[in-house]
Amino acid sequence: MNSVFISNKKDFEIIYNDMLTQFPKCELKTFDFFLKLLNSSNYKCELFKINNQNIGYISYYLSDFIWVDYLAIFKNFQSKGFGTQILNHLFNKYKKLNGVYFEVEPENEKDLNTQKRLQFYKQKIKCVETHTKYFLPNDFELYEMKLLYKPLNSKSLDDENILNNIEETFSVLYSYITNVDEIFNKIKHHLLK
């Protein structure tokens, strides 16, 4: 499996068209905002291929930590271990950084996929659940999610680190959201009480 970094509109259209089918509308950024992110130095989008076939993709914000923005496997290649391979590629490439954050939908008894997804991150990827009450910034509704963390080195993660990392990430990934400061303050309030 090899990967290529996506940096232009034409190549990103393939990924964005897939995102429209795999992610809820409230979790998606606009195409134009993605293009703005792709032109920044600390936002990466990798497309993974085998024998010239697109397998999946991951986009992430890069600092002294990684914030995974989107991870998806194209429909024909799901449940074959490619998600794990992509994440292991990411972990190995950036093993000197502190760790990796994931925004994950909470378990829903009516949606088996939410349960499987959370199990994947906790058991297969060895993420820990932060005790942060986390809300995904969006312009639709207050959307609670779980914030998971995968340490890459032995540096401990405390509430202040988490809050600083969230604030930094929000200023980049969610700057287009009108009430992003209000959402951040809600998270801060829950974390520091």
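This write-up is about the structure you can find in this document. (Residues numbered from 1 in each chain as written. Predicted model: local features only at pLDDT ≥ 70, side-chain atom pairs only at ≥ 80, totals over all residues. Heavy atoms only, no water.)

With 71 residues, the main nonpolar core has Phe12, Met19, Ile66 and Phe102 as its most contacted residues. Contacts of Phe102, omitting those with residues within four sequence positions, involve Val68, Leu87, Phe91, Tyr121, Cys127, Lys146, Leu147, Leu148 and Lys150. (Core = buried A, V, L, I, M, F, W, Y, C linked by side-chain atoms within 4.5 Å. Buried < 20%, exposed > 50% of the residue type's maximum accessible area, 1.4 Å probe, protein only. Contact = heavy atoms within 4.5 Å.)

As a further point, take the side chain of Glu103. In this structure, Glu103 sits in strand S5 (residues 99–104). Lys29 provides the closest opposite charge to the buried, salt-bridge-free Glu103, at an N-O distance of 6.1 Å. Side-chain polar atoms of Glu103 contact the side chain of Trp67, separated by 3.4 Å. For Glu103, the side chain forms a polar contact with the side chain of Tyr134, separated by 2.4 Å. The residues touching Glu103, leaving out its near neighbours within four places in the chain, are Trp67, Val68, Tyr134, Leu136, Met145, Lys146, Leu147 and Tyr174. (Helix = DSSP H or I, 4+ residues; strand = E, 2+ residues; numbered from the N terminus. Lys, Arg positive; Asp, Glu negative; His and termini not counted. Salt bridge = Lys/Arg side-chain N within 4 Å of Asp/Glu carboxyl O. Polar contact = N/O pair within 3.5 Å; in protein donor to acceptor, adjacent residues only side chain to side chain.)

All right, on to unusual backbone geometry then. The phi angle at Asn51 is positive, at roughly 50°, despite the residue not being glycine. Residue position: Asn51 is located in the loop between strand S2 (43–50) and strand S3 (53–62). Looking at Asn51, the relative accessible area reads 72%, which means it is exposed. The backbone of Ser79 sits at a positive phi, close to 60°, despite the residue not being glycine.

Looking at the element boundaries, Ser63 is found in the loop between S3 and strand S4 (66–73). Residues Ser63 and Glu168, 105 residues apart in the sequence, show an inter-C-alpha distance of 9.0 Å. Sequence-distant contacts of Ser63, that is, excluding residues within four places in its chain, are made with Leu97 and Glu168. A distance of 2.6 Å separates a polar atom in the side chain of Ser63 from a polar atom in the side chain of Glu168.

A complete count under the given rule lists 21 aromatic pairs for this structure. Taken together, a centroid distance of 6.2 Å and an interplanar angle of 75° make the contact between Phe77 and Phe82 edge-to-face. A connected cluster of aromatic rings, assembled from ring pairs, spans Tyr61, Phe65, Trp67, Tyr101, Tyr134, Tyr149, Phe170, Tyr174 and Phe184. Across the ring face of Phe91, the terminal group of Lys150 is positioned such that the distance to the ring centre comes to 5.2 Å. (Phe/Tyr/Trp six-rings, centres within 6.5 Å; stacked < 30°, edge-to-face > 60°. Lys NZ or Arg CZ within 6 Å of the ring centre and 35° of its normal.)

Right, let's talk about the packing of helix H3 (residues 82–93) against helix H4 (residues 112–124) for a bit. Each pair of packed helices can be described by the angle between their axes along with the distance between the axes. Two elements in contact, H3 and H4, have axes separated by 12 Å at closest approach and are oriented at 45°. By the angle between their axes, H3 is oblique relative to H4. In terms of crossing hand, the pair formed by H3 and H4 is right-handed. Along its contact with H3, which presents Gly83, Thr84 and Leu87, the element H4 presents Phe120, Tyr121 and Lys124. Tallied by class, residues from the contact of H3 with H4 come to 3 nonpolar, 2 polar and 1 charged. (Axes fitted to C-alpha atoms, helices over the stretch in contact; angles between N-to-C directions. Parallel < 35°, antiparallel > 145°, perpendicular 65-115°, else oblique. Left-handed = near helix turned anticlockwise from the far one by under 90°. Nonpolar A, V, L, I, M, F, W, Y, C, P; charged D, E, K, R; others polar.)

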